[in-house]
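# Reading the structure
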Amino acid sequence: MNVLAFSGSLRQGSFNSGLVRAAAELAPSGMLIEQADISAIPLYNGDDDGDSKPEAVERLARQVQNADALLFATPEYNYSIPGVLKNAIDWLSRVEGSVFAGKPAAIMGASMGGMGTSRSQYHLRQVLVCLDVPLLNKPEVFVSAAHQKCDDNGDLTDEKARDMIAKQLQALKGWHATLKG
Ligand code: FNR
């Protein structure tokens, strides 16, 4: 089972990229997690949105198409989804063939505040519903006070948070099996 993981942060030392790395380590047997690179995705401009899309968008769209499932690790910016992540999703939604539709997906997130990206995650859920992504409901993964749970590289060291991630990935595996039979 190949899972393509999106981190909503381009920052070196990002806690959310740290969650993706932790997920790759904690994946259950038979699951391989690869991080998507959204850093080269241009800002959406309808003038560039012709029959062919920018190369970085086409490349990422193929990765989404080839993935069995998706994982999103999102920060919270002003109670919502960071622009870089929304921009990447918007571009991908413009590629022929509805690349997101029907892909099982799970959401997690880390922030320094006490809410652990819950508001952002619920905005992301709304966007992914628009794209017909069958989302795993539970368990949810909200990593609050992330600066106390990650080291200087952004790697997740908190055992309770790592356990939550392991449980969510196990559930994603089951969700994929349920949907794909
Ligand atoms: C933030 N941050 C933040 N945190 C939060 O819990 N709720 C919020 O609404 C916001 N808003 C916000 C806006 C902007 C523009 C920035 C840059 C930051 C803090 C944010 O959660 C923190 O910087 C995380 O560390 C970002 O995630 P990464 O980069 O570590 O993955």
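These remarks concern the structure in this document.

Of regular secondary structure, the protein possesses 5 helices and 5 strands. Its helices and strands taken in sequence order, the protein reads β-α-β-α-β-α-β-α-β-α from the N to the C terminus. What you see for the protein is a C-alpha radius of gyration of 15 Å, in line with the 16 Å of a compact globule of 181 residues. Projected onto its principal axes, the C-alpha coordinates of the protein cover approximately 45 × 40 × 25 Å. Sorting the 181 residues of the protein into buried and exposed places 50% on the buried side. Sequence separation of at least 24 residues holds for 79% of the intrachain contacts in the protein that already meet a minimum separation of 6. Surface exposure of the protein reaches about 8,800 Å², of which carbon and sulfur atoms provide 48%.

Note that strand 1 (residues 2-7) and strand 2 (residues 32-35) share 4 bridges and pair parallel. Counted as the bridge partner of Val 3 is Ile 33 from strand 2. Traced from strand 1 through helix 1 (residues 15-26) to strand 2, the parallel crossover comes out right-handed.

This brings us to the nonpolar core. Membership of the largest hydrophobic core comes to 30 residues, with the highest contact counts inside it found for Phe 6, Leu 70, Phe 72, Ile 89 and Phe 100. The set of elements that each furnish at least two residues to this core consists of strand 1, helix 2 (55-66), strand 3 (69-73), helix 3 (83-93), strand 4 (105-110) and helix 4 (118-130). If near-sequence neighbours (up to four positions away) are discounted, Phe 72 is found in contact with Phe 6, Leu 85, Ile 89, Phe 100, Ala 105, Ala 106, Ile 107, Met 108, Leu 124 and Leu 128. In this structure, Ala 22, Ala 27, Ala 106 and Met 108 belong to the second largest nonpolar core, which totals 26 residues.

The subject of this paragraph is the site of the ligand. By nearness alone, every residue bordering the ligand is listed as Ser 9, Arg 11, Ser 14, Phe 15, Asn 16, Pro 75, Glu 76, Tyr 77, Asn 78, Tyr 79, Ser 111 and Met 112. Ser 9 places a polar side-chain atom, nitrogen or oxygen, 2.7 Å from an oxygen atom of the ligand. The contact in question runs from an oxygen atom of the ligand to an N or O atom on the side chain of Ser 14, over 2.6 Å. Contact with the protein chains covers 73% of the free accessible surface of the ligand, which is 620 Å².

Before going further, it helps to spend a moment on the packing of aromatic side chains. Taken as a whole and assessed by the stated rule, the structure comprises 2 aromatic pairs. Taking the centre distance of 5.1 Å and the plane angle of 15 degrees together, the rings of Phe 6 and Phe 72 count as stacked. One end of the pair, Phe 6, is in strand 1; the other, Phe 72, is in strand 3, and 66 residues separate them in sequence. The buried category is assigned to Phe 6, whose relative accessible area is 0%. We classify Phe 72 as buried; its relative accessible area is 0%.

This next bit is on the pattern of salt bridges. Oppositely charged side chains may form a pair once their charged atoms are brought near each other. The full count for this structure, using the stated rule, is 9 salt bridges. Asp 49 is paired through a salt bridge with Arg 94; the nearest N and O atoms lie 2.6 Å apart. Of this pair, Asp 49 sits in the loop between strand 2 and helix 2 while Arg 94 sits in the loop between helix 3 and strand 4; the two residues are 45 residues apart in sequence, bridging distant segments of the chain. Arg 94 sits in the partly exposed class, given a relative accessible area of 46%. We note a salt bridge from Glu 55 to Arg 62, for which the minimum N-O separation is 3.8 Å. Judged by relative accessible area, which is 47%, Glu 55 ranks as partly exposed.

How each quantity is defined
Residues numbered from 1 in each chain as written. Predicted model: local features only at pLDDT ≥ 70, side-chain atom pairs only at ≥ 80, totals over all residues. Heavy atoms only, no water. Helix = DSSP H or I, 4+ residues; strand = E, 2+ residues; numbered from the N terminus. Rg over C-alpha atoms; globule rule 2.2 N^0.38 Å. Buried < 20%, exposed > 50% of the residue type's maximum accessible area, 1.4 Å probe, protein only. Contact = heavy atoms within 4.5 Å. Areas by Shrake-Rupley, 256 points an atom, 1.4 Å probe, with all protein chains shown as cover. Pairing = 2+ DSSP bridges. Right-handed = clockwise from strand over helix to strand, strands pointing away. Core = buried A, V, L, I, M, F, W, Y, C linked by side-chain atoms within 4.5 Å. Near = heavy atom within 4 Å. Polar contact = N/O pair within 3.5 Å; in protein donor to acceptor, adjacent residues only side chain to side chain. Phe/Tyr/Trp six-rings, centres within 6.5 Å; stacked < 30°, edge-to-face > 60°. Salt bridge = Lys/Arg side-chain N within 4 Å of Asp/Glu carboxyl O.

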